[in-house]
Amino acid sequence: MSENATAPANAVHLTPEQVEDPVRGYADLRTRDELPHAVLPGLTTPVRLVTRYADVKAALTEPRLIRDRTRIPGDTEASDAQDELLEAASAGLPAEYVKYFAGHLALFDGEEHAHRRAPLTRAFTARRIAALRTFVERTADALVAEAEANGGTDLLGAFAYPLATQVICELTGVEERDREHVCSWMRDFAFGDGSRAGEALVALVEYAKELIARRRAEPTEDLISALLDGDVLTEDELIGIVFLLINTGITPPALFLAHAALALLDHPEQAARLHADPELLPRAVPELLRYVSIVRIGATLYATEDFDFAGTALRRGESVTVALLAADHDPEEFGEGAGQLDVGREFGRGDGHLAFGHGAHYCIGAALGRLVTSVVLDRLFVRRDDLRLAVDRAALEFGHWPGDGFHLLRLPIRL
């Protein structure tokens, strides 16, 4: 990791509470003429933090802000917050396997990014996603039935995580006979205390190699078979995509579903509106995506040259990070009610929010995320009105990762 830069005297040292608080955490930062220097929780390297909706959208399409720092012309002594995050995330993992975990699409630009993303985009067709609806509904129904039989459940650990994991297994073509083991490895890698993450990483890589070989010999209708068509990706790149699906397809969606449910429980009048008027569901899905914005802070961007951006004179190599949660609660974009949950909110063209990002790195799984969210909200809040917390609100447990705010560890509910 590059040597950390000393934070300027006027730098804002953000706490996890500020990162996750879209109203009080960013209100002052949005009003500043220049992009503030900020140090994210648990890190030491300062970045320029972009908080206004229009500026975040602009940053995500600005060609002079890139994600691969090695492509910056010439030498630079700028420190790298992204290295700190990757170092923390890969701690304790077998060194020879980290490349599969660290080779994330979000960290590539231009032709390299297009080379890796294009086959996945072609394979992630609307038809393939639509075909998953029956599977998602059946899996959600089974998990709801199990929760009902038990009188309740942990909506995160025993509902959202199993649902997200099963969907990824189905999408990638994990066969039924392997699914119990693979789902267990995915869970150990993506969720838990990290004690079994290294073993799970090794097991998943070796299984991915076997599955790729199987699909080369006998293609099916799954995503991996589609990715093999044309042989444009190396095996390492294919394995990297499997981990992209695990990293972005399990934990963030599971956390989002739990936090979306908690948001409705915190706003019972909105849950009641949704239950009374099921036609609000197509509006409630994007509104909850906006309101929760589970990826609060985006990837680090680097200035390729000296230039002015958002009222700030950026230097070549300087780090810039977008605050997606802040942008999605910007009163300049969403009005005085930006900080409020409104399941009837009307959005303009496109998503109307930045929860899935924007531009070339727009989330590939956005359509799948919307599908799963609509099914879960339908089963838990449209078809029923008896979902309740099983503990006092103040007793809910939260944790956080470096550079982020607080996330639920469990969400005990009664049915």
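Before reading on, note that the structure itself is shown above.
Residues numbered from 1 in each chain as written. Predicted model: local features only at pLDDT ≥ 70, side-chain atom pairs only at ≥ 80, totals over all residues. Heavy atoms only, no water.

A.B. asks: Honestly, the overall build of the chain in this entry has me stumped. Any pointers?
C.D. replies: Along the chain, the regular secondary structure elements total 19 helices and 13 strands. Its C-alpha radius of gyration of 21 Å places the chain within 12% of the 22 Å reference for a compact globule of 415 residues. C-alpha extents for the chain along the principal axes are approximately 60 × 55 × 40 Å. By residue count, 55% of the 415 residues in the chain fall in the buried class. (Helix = DSSP H or I, 4+ residues; strand = E, 2+ residues; numbered from the N terminus. Rg over C-alpha atoms; globule rule 2.2 N^0.38 Å. Buried < 20%, exposed > 50% of the residue type's maximum accessible area, 1.4 Å probe, protein only.)

A.B. asks: Help me understand the pattern of salt bridges, please; the structure alone is not making it clear to me.
C.D. replies: Here the idea is simple: oppositely charged side chains can pair when their charged atoms come close. Counting across every chain of the model gives 34 salt bridges. For Asp109, the salt bridge is made with Arg71, and the minimal N-O distance between the two is 3.5 Å. Of this pair, Asp109 sits in the loop between helix H5 (98–102) and helix H6 (110–123) while Arg71 sits in the loop between strand S4 (65–66) and helix H4 (81–89), placing them 38 residues apart in sequence. With relative accessibility at 10%, the residue Asp109 sits in the buried group. Owing to a relative accessible area of 45%, Arg71 belongs among the partly exposed residues under this scheme. When the shortest N-O distance is used, the salt bridge between Glu175 and Arg177 registers 2.7 Å. (Salt bridge = Lys/Arg side-chain N within 4 Å of Asp/Glu carboxyl O.)

A.B. asks: Before we go on, may I ask you to explain the packing of helix H16 (residues 281–292) against helix H19 (residues 366–382) in this structure?
C.D. replies: When two helices pack together, their arrangement is given by the angle between the helix axes and the distance between those axes. Where H16 meets H19, the axes come as close as 10 Å, and the angle between the chain directions of the two elements is 110 degrees. By the criterion of interaxial angle, the relationship of H16 to H19 is roughly perpendicular. Relative to H19, H16 is oriented so that their crossing is right-handed. Contact residues: H16 offers Leu281, Val285, Leu288 and Leu289, while H19 offers Arg370, Thr373, Ser374, Leu377, Asp378 and Val382. Per-class residue counts for the contact of H16 with H19 are six nonpolar, two polar and two charged. (Axes fitted to C-alpha atoms, helices over the stretch in contact; angles between N-to-C directions. Parallel < 35°, antiparallel > 145°, perpendicular 65-115°, else oblique. Left-handed = near helix turned anticlockwise from the far one by under 90°. Contact = heavy atoms within 4.5 Å. Nonpolar A, V, L, I, M, F, W, Y, C, P; charged D, E, K, R; others polar.)

A.B. asks: Mind showing me how you'd approach the nonpolar core here?
C.D. replies: Phe189, Phe243, Leu264, Phe381 and Leu411 are the most contacted members of the largest nonpolar core, which has 96 residues in total. If we skip the residues at most four places from it in the chain, Leu264 touches Gln270, Ala271, Leu274, Leu288, Leu341, Val343, Leu377 and Phe381. Membership of the second largest hydrophobic core comes to 20 residues, among which are Tyr53, Leu314, Val322 and Leu324. (Core = buried A, V, L, I, M, F, W, Y, C linked by side-chain atoms within 4.5 Å.)

A.B. asks: I keep staring at unusual backbone geometry and nothing clicks. Help me out?
C.D. replies: Note: most residues except glycine have negative phi, and most peptide bonds are trans. Residue Ser293 is not a glycine yet carries a positive backbone phi of 40 degrees. Considering the arrangement of structural elements, one finds Ser293 in the loop between H16 and strand S6 (297–303). What makes Ser293 buried here is its relative accessible area of 1%. Within the chain, Ala310 stands out as a residue other than glycine whose phi angle is a positive 50 degrees.

A.B. asks: I would appreciate a short explanation of empty space enclosed by the protein in the present structure.
C.D. replies: Sizing a probe to match a water molecule and rolling it over the atoms shows the empty space that remains. Under the defined criterion, the tally for this structure stands at two cavities of 30 Å³ or more. One number sums up the size of the largest cavity: a volume of about 70 Å³. Along its surface, the largest cavity is lined by Thr172, Val174, Val182, Met186, Leu204, Tyr207, Ala208, Leu211, Ile224 and Val242. Contributions of two or more residues to the lining of the largest cavity are made by helix H10 (176–190) and helix H11 (197–217). No other element matches the four residues that H11 contributes to the lining of the largest cavity. Here the residues of the lining of the largest cavity are counted per class, giving nine nonpolar, one polar and no charged. (1 Å grid on protein atoms, 1.4 Å probe; cavity = no way out; pocket = protein on both sides within 12 Å on 5 of 7 lines; lining within 4 Å. Points joined across faces, edges and corners; volume = space filled by probe spheres on them.)

A.B. asks: I tried to follow the side chain of Thr251 on my own but got confused; where do I start?
C.D. replies: Within the fold, Thr251 resides in helix H14 (residues 251–266). Only 3.4 Å separates the side chain of Thr251 from the side chain of Tyr161, close enough to count as a polar contact. (Polar contact = N/O pair within 3.5 Å; in protein donor to acceptor, adjacent residues only side chain to side chain.)

A.B. asks: Could you clarify how one ought to interpret the sheet that holds strand S10 (residues 388–389) in this entry?
C.D. replies: As a general point, the strands of a sheet are linked pairwise by backbone hydrogen bonds and lie either parallel or antiparallel. Strand order in the open sheet formed by three strands is S5-S13-S10, with antiparallel pairing between adjacent strands. Edge strands, defined here as strands with exactly one partner in the open sheet, are strand S5 (152–154) and S10. Bridging between S10 and strand S13 (residues 412–414) involves two bridges; their strand directions are antiparallel. Bridge pairing links Leu389 to Ile413 in S13. On the sheet, helix H9 (residues 155–172) packs against S5 and S13 and is oriented at approximately 80 degrees with respect to S5. (Pairing = 2+ DSSP bridges.)

A.B. asks: Hey, could you run me through the packing of aromatic side chains in this one?
C.D. replies: Each aromatic ring pair is characterised by the separation of its centres together with the angle its planes make. Evaluation of the coordinates by the stated rule reveals five aromatic pairs. Geometrically, the ring pair formed by Tyr97 and Tyr100 is tilted, given 6.4 Å between the ring centres and 50 degrees between the ring planes. The aromatic ring of Phe334 is capped on one face by Arg290, whose charged end is 5.0 Å from the ring centroid. (Phe/Tyr/Trp six-rings, centres within 6.5 Å; stacked < 30°, edge-to-face > 60°. Lys NZ or Arg CZ within 6 Å of the ring centre and 35° of its normal.)

A.B. asks: Looking at this structure, how should I read the sheet that holds strand S2 (residues 37–39)?
C.D. replies: An order of S1-S2-S3-S9-S6-S4 is seen for the six strands of this open sheet, with the pairing classed as mixed. The open sheet has two edge strands with one neighbour each: strand S1 (12–13) and S4. With two bridges joining them, S2 and strand S3 (residues 47–50) adopt antiparallel strand pairing. Directly across from His37, in S3, lies its bridge partner Arg48.

A.B. asks: What is the right way to look at helix H15 (residues 268–276) in this model?
C.D. replies: Two residues of an α-helix separated by three or four positions point the same way, owing to the 3.6 residues in each turn. Taken together, the buried positions of H15 are occupied by Gln270, Ala271 and Leu274. The arc enclosing the buried residues of H15, seen along the axis, measures out at 100 degrees, which places them on a common side. Among the exposed residues of H15, those pointing more than 90 degrees away from its buried face are Pro268 and Ala276. Elements in contact with the buried residues of H15: H14, H16 and H19. (Arc of directions from axis to C-beta.)

A.B. asks: Can you walk me through helix H13 (residues 235–249) in this structure?
C.D. replies: Along its 15 residues, H13 runs 20 Å from first to last C-alpha, staying within 8% of the 21 Å computed at 1.5 Å per residue. Looking at H13, one finds that the buried residues are Glu237, Leu238, Ile239, Gly240, Ile241, Val242, Phe243, Leu244, Leu245, Ile246, Asn247 and Gly249. (Expected span 1.5 Å × (residues − 1).)

A.B. asks: Explain the pairing of S6 to me, please; I cannot follow it from the model alone.
C.D. replies: Regular strands place their side chains on alternate faces of the sheet. Of all seven residues that make up S6, seven are buried, and the element is covered over most of its length. Where S4 lies against S6, two bridges are found, and the strand directions are antiparallel. Paired with Leu65 across the strands is Ala303, a residue of S6. Pairing analysis gives four bridges linking S6 to strand S9 (residues 319–323), with the strands arranged antiparallel. What sits directly across from Leu301, in S9, is Val320.

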